[in-house]
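Residues per chain, in single letters:
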Amino acid sequence: MTIWNVISLMGGLALFIFGMNLMSDGLKLVAGSYLKKILEKLTQNRFVAMFVGAGLTALIQSSNAMCVMVVGFVNAGMMELERSVGILMGAKVGTTITGQLIAFNISEVAPVIAFIGVAIIMFGKKPKVKNVGQIVASLGVLFIGLGMMSEAMTPLRDAVWFKEVLSRLSNPILGVFIGIIFTVIIQSASASVGVLQVMALSGVVGFHQAFFVMLGMNIGAGVAPALASIGARKDAKRVALIVILFESIGMLLFLIVSQFCPILDWMAATSTNPSRQIANANTIFNCVTVLALLPCAKYLVRIAEWIIRGKDEEEERSLHFIDESGYQSGTVLIGQIDSEVGRMHGMVRENLEASTKVYFGEKVISHDAFKENERAIDFLNKEITAALIRTGELGISEREAEHVGNLYHIVTDLERIGDHAENVLGYALQMKENKQKFSNKAVKDLKELTMAVYKIFDLACEHFGEPQRELYQVIYKLEADIDDMVERMRNSNIKRLGKMKCEATQGLYFSEILVDLERVADHALNIAQAAKKFPIR
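Each value, and the rule that gives it
- Residues numbered from 1 in each chain as written.
- Predicted model: local features only at pLDDT ≥ 70, side-chain atom pairs only at ≥ 80, totals over all residues.
- Heavy atoms only, no water.
- Helix = DSSP H or I, 4+ residues; strand = E, 2+ residues; numbered from the N terminus.
- Buried < 20%, exposed > 50% of the residue type's maximum accessible area, 1.4 Å probe, protein only.
- Contact = heavy atoms within 4.5 Å.
- Areas by Shrake-Rupley, 256 points an atom, 1.4 Å probe, with all protein chains shown as cover.
- Salt bridge = Lys/Arg side-chain N within 4 Å of Asp/Glu carboxyl O.
- Core = buried A, V, L, I, M, F, W, Y, C linked by side-chain atoms within 4.5 Å.

> Looking at this model, I keep getting lost on the overall build of the protein chain. Mind explaining?
The helix and strand tally for the protein chain stands at 22 helices and zero strands. Counting only residues that meet the buried cut, the protein chain has 53% of its 537 residues in that class. In the protein chain, once contacts between residues fewer than 6 apart in sequence are set aside, the share between residues at least 24 apart is 81%. Surface exposure of the protein chain reaches about 24,700 Å², of which carbon and sulfur atoms provide 61%.

As C-alpha cells, this is what we get:
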C-alpha cells in the first residue's frame with residue numbers, strides 16, 4: 001500500500017463523512033421544523049414513540065442528531081424522560097437505513113447524482129428546492145467517497161502486517177473496543193459502519209471480525225449525546241446514559257448468544273454481498289435489542305435515575321434549558337430558547353406584581369429576591385440574545401427564522417418591563433424611607449391601573465404563544481384604555497396637588513409610577529405585535 005493509497009483513503013473518508021453530514025443537514029432543513037410537533041404529539045405511547053423515532057431518524061439519516069435532539073428536548077422540559085426512551089430506541093433502528101443504502105454501492109453513477117444535485121442548487125429559486133438539491137448532491141458526494149475508499153483499501157488484502165492486525169480481531173472484546181474508539185473519533189455510527197462496509201466489500205475484513213467491531217461502533221454512538229448533555233439538567237444526562245445502556249446491553253446479549261449458537265453464520269447467510277451482510281447484521285442487532293428492551297423501558301429509566309441521583313439545584317442566574325445539545329439543531333435550540341423565555345416571563349411577572357402590590361400593603365417576595373430576579377432577567381436577556389444569534393448558523397426554516405425574529409422583540413420588551421418594575425419598587429422604598437403614603441384615592445386609582453396592567457401583560461404573553469386576531473384586538477383596545485386611564489389619573493393627581501391634599505414629592509412619585517406602568521402596557525402591546533401584526537380598524 002503506497003502513500004497515494006493512504007491519501008486516497010483519507011480523501012475518500014473525508015468526502016464520505018462530508019457527504020453524510022451534508023445530507024443530514026439538508027434533510028433536517030426539509031423536515032426539521034416539523035420534528036418538534038411530531039415528537040410532542042406522537043410519543044405518549046412508547047411503542048408509537050419507537051416507530052416515530054425510527055421514521056424520523058431514517059428521514060434525517062442521523063441517530064446522533066436525533067438522540068442529541070431528544071437530550072435537548074428533555075433538558076428544555078419539552079419531553080418527559082420516560083417518553084424519550086421509545087424515541088431513542090427507534091432512532092437506533094432508523095439509523096440502520098443508512099447502511100442499507102450504502103450497500104447498494106452506486107459509486108459508478110455517483111458523479112452524475114452529485115451533478116444533478118448541484119444543478120438543482122444552482123438553478124432552484126425556492127429554499128425548499130435548494131434543500132432537496134443539497135440532499136441529492138450530498139448523496140453523490142457520499143458515494144464518490146465510498147468509491148475512493150474502496151479502491152484505496154484493496155491493496156490491504158495482501159498486506160502481511162494488516163493480516164496480523166486482523167487476526168487479533170478474532171477476540172470479540174478487542175473488536176468491540178476498536179469499534180468504540182473508531183466511532184468516538186468519527187462521531188457518527190452510520191459513517192463508522194459505512195467504512196466497515198467498504199472494508200468488507202474490498203475483501204479487507206471478514207464478516208465475523210467486522211460484526212464485533214460493529215457492536216462497538218453502536219456503543220460509540222452514545223458518546224455524542226453524552227457530550228451534548230454536559231452542563232445540562234440531570235434528566236438530559238439520564239437520556240445520554242440510557243443510550244449507552246441500551247447499546248451496551250444489546251452488545252452483551254449478542255456476545256453471549258454468539259458463543260452458544262451460530263447466529264453470525266445465520267446473519268452472514270442473509271446475503272452474498274459483504275457490504276449487505278454488515279448492513280443486515282446492523283439492522284438485526286438493533287431491531288432485536290429494541291424488541292428485547294422496549295418492554296423494559298421503565299427499568300432503564302430507573303437504572304439511569306439510580307446512577308444519576310437527585311434533582312437539579314438551579315440558580316436563577318444560569319441557563320436552565322439552553323445547553324450544548326441545542327447547538328446541534330436549530331429546532332432544538334429554538335425550543336430551548338422558548339423555555340428560557342418562559343422563565344424570563346415568569347420572573348418579570350413576579351417582579352411586576354411585587355413592585356406594585358407593596359403600595360397596597362402586600363408583600364409578594366422579599367427585596368433580596370426581587371433584586372435577584374432582576375439580575376437574572378438581565379442575565380437571561382444577554383444569554384438568550386446570544387443564543388438567538390447562534391440559530392442563524394444552524395440552518396433553520398423560514399418559519400423558524402420568523403419566530404426567532406419575534407423572540408428578539410419579546411426578550412427586549414420583557415427586560416424593559418423588568419426595569420420599569422424596578423423603578424416602581426424604588427419609589428415605594430423611597431416613600432417608606434421618608435415615611436410617606438399615598439391618599440386613599442391615589443391608592444384606589446393605582447390599584448385600578450395595576451389590575452389593567454397585569455391583564456394586558458398576561459394577555460400579550462398568551463397571544464405571543466398562540467396569536468389570535470380577536471385576542472390582539474382586545475389587547476390593542478386595552479392599551480388604549482390604559483392610556484386614557486393614566487391621563488385621567490394624572491389630571492386627578494394635579495387636582496389633589498392644587499388642593500394641597502398631598503405633598504409635592506408624593507405627587508411626583510405618583511406621576512412617575514403612572515409613566516412606568518403606562519410604559520409597561522406599551523411594551524406588552526409590543527409583545528403582542530411581535531407575534532403577528534394585524535391591520536387596525
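> Is there a simple way to explain the pattern of salt bridges in this structure?
Proximity of charged atoms lets side chains of opposite charge pair with each other. All chains considered together, the criterion is met by twelve salt bridges. For the salt bridge of arginine 343 with glutamate 340, the shortest nitrogen-to-oxygen distance reads 2.9 Å. Note that arginine 343 and glutamate 340 are positioned in helix H17 (residues 330-357) at a spacing of three residues, about one turn of the helix. The pair formed by arginine 343 and glutamate 340 is uniform in burial state, with each residue classed as buried. One salt bridge connects lysine 477 with aspartate 481, and the closest N-O pair in it is separated by 3.3 Å.

> Could you clarify how one ought to interpret the nonpolar core in this entry?
Nonpolar side chains tend to gather and get buried jointly when the protein is soluble and globular. Ranked by internal contacts, the top residues of the largest apolar core, which has 62 residues, are Ile337, Tyr359, Phe438, Leu449 and Ile482. Of all elements in the fold, only H17, helix H18 (367-391), helix H19 (398-433), helix H20 (440-465), helix H21 (469-498) and helix H22 (504-531) reach the threshold of two or more residues within this core. Ranked by residues supplied to this core, first place goes to H22 with 13 residues. The residues contacting leucine 449, other than those within four sequence positions of it, are Ile482, Met485, Val486, Met489, Leu514 and Leu517.

> Could you clarify how one ought to interpret the side chain of histidine 523 in this entry?
Summarising the element assignment, histidine 523 is placed in helix H22. When sequence neighbours within four positions are dropped, the list of residues in contact with histidine 523 reads Asp413, Arg416, Ile417 and His420.

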